[in-house]
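Structural overview for review
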Amino acid sequence: MASFRPAREDDLERLLDLHTGAFPDPRGRPARTRNFQKNALGAFSDLHVMVDDDVVLAHAFLFPLEAWFGGARVHVGGIATVGVAPEARGRGLGSRLVEHLHALSLARGDALTVLYPFRQAFYARLGYATTSTYRRLRLHPASIPWRPSMRARAAAGPDREALVACLEAAGARYTGMLARTTRAWESRLADERRTWLVVEGPGGVEGYVVWTLEQREPHAETVLQVRELVARTAAAERELWALVGAQRDQVAVVHADVAADDPIERALVDADRTRFGDGDIEHTLGEVAAGPMVRVLDAARALEARGWLEEGALVLAVGDETLEIVAKGGRATAGPSRGEPHVRLDARALAAVAFGALPASRAARLGWLTARDAGTLARAESLLSLPPYFSPDPF
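Described below are features of the structure shown in this document. (Residues numbered from 1 in each chain as written. Predicted model: local features only at pLDDT ≥ 70, side-chain atom pairs only at ≥ 80, totals over all residues. Heavy atoms only, no water.)

**Notes on the overall build of the protein**
Helices and strands together make up the secondary structure of the protein, namely 12 helices and 19 strands. The globule rule puts the C-alpha radius of gyration for 395 residues at 21 Å, and the 23 Å found for the protein is close to it. Its C-alpha atoms put the protein at 60 × 60 × 50 Å along the principal axes. In the protein, which comprises 395 residues, the share counted as buried stands at 49%. Here the contacts in the protein between residues at least 6 apart in sequence split such that 69% fall between residues at least 24 apart. (Helix = DSSP H or I, 4+ residues; strand = E, 2+ residues; numbered from the N terminus. Rg over C-alpha atoms; globule rule 2.2 N^0.38 Å. Buried < 20%, exposed > 50% of the residue type's maximum accessible area, 1.4 Å probe, protein only. Contact = heavy atoms within 4.5 Å.)

What follows is the structure in structure tokens.
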């Protein structure tokens, strides 16, 4: 009979075989070994396996993470690297392993689990909801209208505290941004392919940008991939974009992921200047991409863990459970209520609205949420609203 346990070092060769079968990309065994033993998000002890007759049939990480929701850091379980042996597929083992991780995450006090799905439908059946989309811009660097004016320089070791502070400030403004661990910082800072630049203002470092340069072969076009662009002020943000634009003599195209509400494409001039459109669309600026998926482990715990940007009270019927939320001073209490619900939704819709940044009115349009009337719907939207979901740390 199949059972679960933490992975052991003597499982490694079998784990590598399963990982290769589940993720058939060009990585060799050394790179896959690093994924298990030196993962930026956690330790080998965060890896769990399903075994039958002591044969490992499936593996998955459950990372202990924190993410920002409404300006508060929330304990979340980060599920990643879910893989099932080829000979064991079609028997529901992946679902059983993920449900086991849900139980572990709930028991240790997490409010949510978060993951990047290989297939959204698979995880939707397990209670996961989509988060707000983000955009991957594809632009010519000369289309950036600003020119560098602030003091910019390469980041150095003493800047680390300032880099952390910039990312923490950004996390408080967005939804779902991971609170980066020391291990994650060290992994990124040690990556020799990454260029780190900072801009300074009167108070010191006001923002930073990280990019990598890529060529398919020598003398081919150079692509600049923006990995992070984080600023404490709007002026610093424009300055960082100006630094990207200043690479125009070397770089042919820039790829950059931005949040759904980022206005940067309004400022671009001829972003697609080296490309042609077609009969339907003349100017394409990039792609819309799905973000991660979130799952509420316990409704009351999750609602009390997040931050609240507005104050007020609301009675929610979440499936068979009715909760009264009272938000004040950026925090909320959520307890059982016998009152008539203002809003009704299931746990998956709650994850989408209260943690995936889906406005309540749009959830109602999808049939995921019902409200007493237009007034209570507006109150729910105001109280539950969050900025778009955006994180530079996919896992």
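Once you've had a look at it, read on.
**Notes on the sheet that holds strand S12 (residues 253–259)**
Pairing between the strands of a sheet comes from backbone hydrogen bonds, and it takes one of two forms, parallel or antiparallel. Sheet architecture is open: seven strands sit in the order S8-S9-S10-S11-S12-S7-S13, paired in mixed fashion. A strand with exactly one partner marks an edge of an open sheet, and here the two such strands are strand S8 (151–154) and strand S13 (286–289). Going from strand to strand, the sheet's axes swing by 25° on average, the running direction of each strand aside. Looking at chain direction, S8 and strand S9 (residues 195–201) are connected through four bridges and run antiparallel. Residue pairing for S9: Arg-153 is matched across the bridge by Val-198. This element, helix H5 (residues 160–173), spans S9, strand S10 (204–214) and strand S11 (223–231) of the sheet and lies at about 90° to S10. The sheet strands contacting helix H7 (residues 234–245) are S8, S9, S10, S11 and S12, and the helix crosses S11 at an angle near 165°. (Pairing = 2+ DSSP bridges. Axes fitted to C-alpha atoms, helices over the stretch in contact; angles between N-to-C directions.)

**Here we look at H5**
Compared with the 20 Å implied by 1.5 Å per residue over 14 residues, the 20 Å span of H5 between its first and last C-alpha is a close match. Along H5, the residues that are buried comprise Leu-163, Cys-166, Leu-167, Ala-170 and Gly-171. For H5, the arc enclosing every buried residue in end-on projection is 140°, short of the 170-degree limit, so these residues lie on one face. Looking at the packing, one finds that the buried side of H5 touches strand S3 (55–69), helix H6 (182–189), S9, S10 and S11. (Expected span 1.5 Å × (residues − 1). Arc of directions from axis to C-beta.)

**Considering the packing of aromatic side chains**
Evaluation of the coordinates by the stated rule reveals 13 aromatic pairs. Both rings, one in Phe-69 and one in Phe-355, keep their centres 5.4 Å apart while their planes meet at 75°; by these two values the pair is edge-to-face. One end of the pair, Phe-69, is in strand S3; the other, Phe-355, is in the loop between helix H10 (347–354) and helix H11 (360–365), with 286 residues separating them in the sequence. According to the relative accessible area criterion, Phe-69 is buried, its value standing at 0%. Look at Trp-185 and Tyr-208: their rings are 6.5 Å apart centre to centre, the planes differ by 55°, and that puts the pair in the tilted class. Taken together, the residues span a long stretch of sequence, with Trp-185 in helix H6 and Tyr-208 in strand S10 at a distance of 23 residues. Above the ring of Trp-185, the side-chain terminus of Arg-180 is found at 4.5 Å from the ring centroid. The cationic tip of Arg-306 hangs over the ring face of Trp-308; the distance from NZ or CZ to the ring centre is 4.0 Å. (Phe/Tyr/Trp six-rings, centres within 6.5 Å; stacked < 30°, edge-to-face > 60°. Lys NZ or Arg CZ within 6 Å of the ring centre and 35° of its normal.)

**Quick look at the packing of helix H1 (residues 12–22) against helix H2 (residues 29–37)**
Where H1 meets H2, the axes come as close as 10 Å, and the angle between the chain directions of the two elements is 110°. Considering the angle they form, H1 stands roughly perpendicular to H2. Contacts from Leu-12, Glu-13, Leu-15, Leu-16, Asp-17, His-19 and Thr-20 in H1 reach Arg-29, Arg-32, Thr-33, Asn-35, Phe-36 and Gln-37 in H2. Among the residues making up the contact of H1 with H2, the classes are represented as four nonpolar, five polar and four charged. (Parallel < 35°, antiparallel > 145°, perpendicular 65-115°, else oblique. Nonpolar A, V, L, I, M, F, W, Y, C, P; charged D, E, K, R; others polar.)

**As for the pattern of salt bridges**
All told, the structure shown has 23 salt bridges when counted by the stated rule. Of the charged contacts, one joins Arg-5 and Asp-11 as a salt bridge, the two residues approaching to 2.8 Å between their closest N and O atoms. Note that Asp-10 and Arg-8 form a salt bridge whose closest N and O atoms lie 3.3 Å from each other. Taking the relative accessible area as the measure of exposure, Asp-10 reaches 62% and is therefore exposed. Exposure remark for Arg-8: the relative accessible area of 36% places this residue in the partly exposed category. In this structure, a network of salt bridges that share partners links the residues Arg-5, Arg-8, Asp-10, Asp-11 and Asp-54. (Salt bridge = Lys/Arg side-chain N within 4 Å of Asp/Glu carboxyl O.)

**Quick notes on the sheet that holds S3**
What the seven strands build is an open sheet, ordered S1-S2-S3-S4-S5-S14-S6; its pairing is mixed. Single-partner strands in this sheet number two, and they are strand S1 (3–6) and strand S6 (129–130). Packed on one face of the sheet, H2 meets strand S2 (47–52), S3 and strand S4 (72–84) and runs near 55° to S3.

**So, the side chain of Gln-225**
By the element assignment, Gln-225 lies in strand S11. In contact with Gln-225, other than residues within four places in its own chain, are Arg-136, Val-210, Trp-211, Thr-212, Glu-214, His-255 and Ala-256.

**Some words on the environment of Lys-328**
Within the fold, Lys-328 resides in strand S16 (residues 321–328). Once the C-alpha coordinates of Lys-328 and Val-210 are considered, the two residues, 118 residues apart in sequence, prove to be 37 Å apart.

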